[in-house]
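Here is what each chain is made of, one letter per residue.
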Amino acid sequence: MTWNTLFIMRHEVLLTLLIMYELLADLSDETNRTRMVNVTIAGFFLYMLAGFVPSENAALFGGMYVNDELRVLLKNILSVSTFIVLLQSSGWAKSPIHQGRAGAFYLTLLSTLMGMFFMISAGDFLMLYLGLELATLPLALLASFDKEFRRSAEAGAKLLMSSAVSSAVLLFGLSLMYGIYGTLQMEDIAQMNLNSDIHTIAIIFFISGLGFKLSLVPFHLWTADVYEGSPLPVTTYFSVVSKGAALFTLMLVLYRVFRYQPEEWRMPLYTLSVLTMVVGNLFALRQKNMKRFLAFSSITQAGFMLLGFMNFGRIGMTTIVYFMLIYGLSNLAVFGVLSIIVRATGKESMDDLNGFYSTNPRLGLVMLLSLFSLAGIPPVAGFFGKFFLFTAAASAGMYILVFIAVLNATISLYYYLLVVKAMFINKNETPIPSIQSTFYEKLAIGICLTGILAIGFVSQLYEYIQGLM
Amino acid sequence: MNPLLLLILIPALTMAGIMLAGDVKQARVISAVGMSAQLLFSFVLLYWFYQLRQSGNTDEMVFVSTTVWYPSLNIQLKFGIDGISMSMIMLTSIVTFAGVFVSWQVEYLTKEFFISLILLATGVFGFFISLDLFTMFLFYEVAVIPMYLLIGIWGSGPKEYSAMKLTLMLMGGSALLLVGLLGIYFNSAANGGPLTFDLMQIAKNGLPREAQMFFFPFTFIGFGILGALFPFHTWSPDGHASAPTAVSMLHAGVLMKLGGYGCFRVAMYLMPEAAHAMAWFFIILTTVSVVYGAFGAIWQKDLKYINAYSSVSHCGLVLFALLMMNETATTGALLQMISHGLMTALFFALIGMIYGRTHTRMIDEMGGLMKVIPFVSVLYVFAGLASLGLPGLSGFVAEMTIFVGSFQNVDTFHRVATIVACSSIVITAVYILRVVGILLLGPVRNNHYLELKDAMWFEKLGGVTLLVSIMIIGIAPLWLSNLLREPLAAMLNQLTN
């Protein structure tokens, strides 16, 4: 263990320090809640900057922990998203009902982030499983954080149950893998390149296990209820960070470990992709609660993400990461506006948004742009993300899949436009009053908006990601 | 810098200016100044274009500039124009100019209205100067999406339904289109070399026949939906009827032309073999469009619906003539695009003026308008005469060329199709004269109308600009058809070989 080792693990090490702080800060008196929120955000900001310092590629602890430039990028994407979630949740964490509990919130949140980092950096399936558990169990805690509300408690219980099942499914897949290969070390498994029916089954179980976290249909049933019941910052975290971590893990395992058996995972993902897009869309059409609506919208988006997996090469991986980045920023922007509304008024139904533009033109415009980005309308970034995903699928000759996906994108446009219609067209005698947003909230939206507007035009980012593959 | 980029830059600056504008008046003036500058610049561009041609430049595309955007996917920012795109740019800037003046009295959310309107125009300009399929597609969608807000917020009647229907159908079209474009891209290097979105390069490389046969319908129908191809035209009447005046103008006048232009420039030009093989099917569809649209117009009572159906008929005629694939007919198709763009814009502008005064668009409820608002009424008669193809106005030039060209195809199928399509001229005369008779002539039905004021200065400016353009084309069509013929020869060469 040298300084260099610590530096390579800087994400995890610094995050541990931050977690320590949260533990200790909870001991101090309760009047310091505001200070605690500020210190956490500042500390996280410094940690996030440190994450961008380049480091060398290395495998530590006998190959259990791997870090390279790509993984650093993935972690940084998750860090930035978490930072935005922290900014957005500042008002919520300071509110009187969370007196003395902000520390617990940050503690659990950052622990799950740590777990996700271990999932991404895992060089061994055992490590991956440990990371997954660390990333999942505290999430159930977070979901039931507002335990005074029945729905929040219910969300926690539901999440715990479905996570337990998904872990079991994933573990079963891993145990089959161990039976086939005699090892759980990823690089060894990749070298052996075995093919058998049981191997396909193992991969399907593995995908299903992660499919729960990604909320792919038919493993999505927990999503809407948990999204609706959880406190808004936690919902945001679910839909972007937690989903991103699962997607990145799936990508790293499939492209790195099972790179010689791509045909075994393509067909399952093809099927899941079609199912997820269609079912997610059909359910999203009729939602009235914004949280449920975004739950189904995020299910549909997960279906789109799977399109990238149709290409086995660099294009596939690049488009997946690129799309996740754009989806994350767009979704965070939507949740950002929503969190401001919820903080100020407590309203979270789509009908409450009627006439929103007349009283809050700026927030309305942000919402419009981010919804367009989710729908894939140019010139905002979502268009580029979707176009490149479709390119990846088309490069494998999957034109039918692309067609199904584009049709679904059109259907999804319908319900995104419903929100636009509520804000811009529908009349309302008592619209949400003009809201003053705080500095943190503005900063969060500013980051997202810059990303949404700029990413598509700055092609260097895409090329940079592709260079890492 | 490529001068063509100014076509995007000027609207962009105008939008930024409107955003900074203090009040409604400023916003209005800034849009008017911006779009006048745009119109002026289009004329300058036309002049430069002629100068280049006269100095012996025979390149297929001029003002070409290429910047690599996404190197790994070989996506380029490639711009350039030929005679066809030049005339489309002229059309767009004239209609946009007129549109801004006609919308002078928009009171509700004025800034947002002008920004959306100019954003729409920006998309159209970008589309016409793009030579790279990716940027083309990007601008296409930029042009379509503001329609939702424009119709939804400022429209009339069942505007929410119409806006949603229009947006979803056009986006469905772009779904087909996207598949087609990706198919073209991944087959663009059949004989080696890098994959490319570059239009000219793909035309040079040629696409394999199987790929053409598979992707031609996607691309053609994808663009065709925007060109109101039967049976995908149903968004058009509802959309036009609910849209505010300037939006109907831009939409019928310019946006629908994107469809025809795309069908020709992308679908047929890049996939000539498939175009030949499948032309018969689409000729049947377009013939139905032409006749069905004209008959549809006869039965309507709402002025906007009449004009929307007549647009279906006229735009069908554009696609019909393009599919004839000979020089005369395609020249006629392009002339028709411009002619129809101008006169339908004029129609919608006038309908907007009438509606703004009488608060109804039902022809039964009006009458004798000629006595009350003579200026608007006379313009209406002119637009009508142009629409039914009276010599001396642009409609005659276009339709004459189309039918002469179509008749050059000697086999029975083409002959029959041409004769059936020809009948639309008569039907057009019926519905135009019927409207003129009921609406403008006869006694004034409502005493309340006697107090109506005739066109204001901004309305006159918008209307007269369009009428003058129509007359110029009608009286001196040769310069325009020469402008079109030159690039057409090269493109048809590709099509017939």
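Preceding this paragraph is the structure being described.
Residues numbered from 1 in each chain as written. Chains lettered and ligands numbered in written order. Predicted model: local features only at pLDDT ≥ 70, side-chain atom pairs only at ≥ 80, totals over all residues.

Participant: Provide a residue-level description of the overall build of chain A, including the pertinent values.
Facilitator: Each helix and strand counted, chain A has 20 helices and two strands in total. When its C-alpha atoms are laid out on the principal axes, chain A stretches across 65 × 55 × 45 Å. Looking at the 469 residues of chain A, the share that counts as buried comes to 58%. Of all intrachain contacts in chain A linking residues separated by at least 6 positions in sequence, the fraction that spans at least 24 positions is 80%. (Helix = DSSP H or I, 4+ residues; strand = E, 2+ residues; numbered from the N terminus. Buried ≥ 20, exposed ≤ 12 C-beta atoms within 10 Å, placed from the backbone. Contact = placed C-beta atoms within 7 Å.)

Participant: Outline the overall build of chain B, supporting the account with residue identities and numerical values.
Facilitator: For chain B, the helix and strand inventory stands at 20 helices and two strands. Over its C-alpha atoms, taken along the principal directions, chain B stretches across nearly 75 × 60 × 45 Å. Residues counted as buried form 62% of the 497 residues belonging to chain B. Considering only residue pairs separated by 6 or more positions, chain B has 79% of its internal contacts joining residues 24 or more positions apart.

Participant: Break down the packing of helix 7 (residues 150-181) of chain A against helix 9 (residues 197-214) of chain A for me, citing the residues and quoting the values.
Facilitator: Residue and element names in this part refer to chain A. Viewed as axis vectors pointing N to C, helix 7 and helix 9 meet at an angle of 155°, and their least axial separation amounts to 8 Å. If you check the angle between helix 7 and helix 9, you find them roughly antiparallel. As for how helix 7 packs across helix 9, the hand of that crossing is left-handed. Contact residues: helix 7 offers Ser162, Ser166, Ser167, Val169, Leu170, Phe172, Gly173, Leu174, Leu176, Met177 and Ile180, while helix 9 offers Ile198, His199, Ile201, Ala202, Phe205, Phe206, Ser208, Gly209, Leu210, Phe212 and Lys213. Looking at side-chain class alone, the contact of helix 7 with helix 9 contains 14 nonpolar, seven polar and one charged residues. (Axes fitted to C-alpha atoms, helices over the stretch in contact; angles between N-to-C directions. Parallel < 35°, antiparallel > 145°, perpendicular 65-115°, else oblique. Left-handed = near helix turned anticlockwise from the far one by under 90°. Nonpolar A, V, L, I, M, F, W, Y, C, P; charged D, E, K, R; others polar.)

Participant: Tell me about the interface of chain B and chain A, residues and numbers included.
Facilitator: Every contact between the two is made by 25 residues of chain B and, on the other side, 24 residues of chain A. At the level of secondary structure, the elements contributing two or more residues to the side of chain B that touches chain A comprise strand 1 (62-70), helix 5 (133-144), helix 6 (146-154) and helix 7 (159-186) of chain B. Among the elements that line the side of chain B that touches chain A, the one with the most residues is helix 7 of chain B, at twelve residues. Considering only residue class, the side of chain B that touches chain A consists of 18 nonpolar, five polar and two charged.

Participant: Mind laying out the nonpolar core, listing which residues take part and the relevant values?
Facilitator: Core analysis: the largest hydrophobic core is formed by 365 residues, its most contacted members being Phe390 and Ala393 of chain A together with Leu346 and Leu350 of chain B. It is helix 14 (residues 314-345) of chain A that provides the largest number of residues to this core, a total of 20 residues. When neighbours within four sequence positions are excluded, Phe390 of chain A is seen to be in contact with Leu307, Val402, Ala405 and Val406 of chain A together with Leu178 and Leu182 of chain B. (Core = buried A, V, L, I, M, F, W, Y, C linked by C-beta atoms within 7 Å.)

Participant: Tell me what's going on with helix 4 (residues 69-94) of chain A, and back it up with residues and numbers.
Facilitator: Residue and element names in this part refer to chain A. With 26 residues, helix 4 ought to run about 38 Å at 1.5 Å a step, and its terminal C-alpha atoms sit 36 Å apart, in line with that. For helix 4, the principal kink sits at Gln88 and spans about 40°. Here helix 4 lies mainly inside the structure; 19 of its 26 residues are buried. (Expected span 1.5 Å × (residues − 1). Bend = angle between axes of the 7 residues up to and from the residue.)

Participant: Go over the packing of helix 14 of chain A against helix 16 (residues 361-375) of chain A, please, and point to the residues and values.
Facilitator: Residues and elements named next belong to chain A. Where helix 14 contacts helix 16, the two axes come as close as 9 Å, and the packing angle between them is 150°. As the angle between them shows, helix 14 and helix 16 are arranged roughly antiparallel. Pair helix 14 / helix 16 crosses with left-handed handedness. Residues Ile326, Ser330, Asn331, Ala333, Val334, Val337 and Ile340 of helix 14 pack against Leu363, Val366, Met367, Ser370, Leu371, Ser373 and Leu374 of helix 16. Residue composition of the contact of helix 14 with helix 16, grouped by class: ten nonpolar, four polar and no charged.

Participant: Explain the pairing of strand 2 (residues 75-81) of chain B residue by residue, including any values.
Facilitator: All names here are of chain B. In terms of burial, strand 2 is largely enclosed, as six of its seven residues are buried. As judged from the six bridges shared by strand 1 and strand 2, these two strands associate in the antiparallel manner. Residue pairing across strands places Val62 opposite Ile81, the latter belonging to strand 2. Where strand 1 folds back on strand 2, the antiparallel hairpin that results is connected by four residues, among which Asn74 adopts a positive phi of roughly 60°. (Pairing = 2+ DSSP bridges.)

Participant: Any chance you could break down unusual backbone geometry for me, citing the residues and the numbers?
Facilitator: Cis rather than trans, the peptide bond between Pro378 of chain A and Pro379 of chain A has omega equal to 0°. At the junction of Phe230 of chain B and Pro231 of chain B, the peptide bond is cis and its omega measures out at 0° in the coordinates. By the element assignment, Pro231 of chain B lies in the loop between helix 9 (209-226) and helix 10 (235-242). Of note in this structure, Leu109 of chain B is not a glycine but carries a positive phi near 50°.

Participant: Mind laying out the environment of Gly173 of chain B, listing which residues take part and the relevant values?
Facilitator: All names here are of chain B. Following the sequence through the fold, Gly173 ends up in helix 7. Spatially, the C-alpha atom of Gly173 lies 35 Å from that of Val464, the residues being 291 residues apart in sequence. Aside from chain neighbours lying at most four places away, what touches Gly173 is Gly222, Ile225 and Leu226.

Participant: Tell me about the environment of Ser28 of chain A, and please be specific about residues and values.
Facilitator: All names here are of chain A. Inspection of the secondary structure puts Ser28 in the loop between helix 2 (10-25) and helix 3 (33-51). Given 11 C-beta atoms within a 10 Å radius, Ser28 is considered exposed. Spatially, the C-alpha atoms of Ser28 and Gly100 are 9.6 Å apart, while their sequence positions differ by 72 residues.

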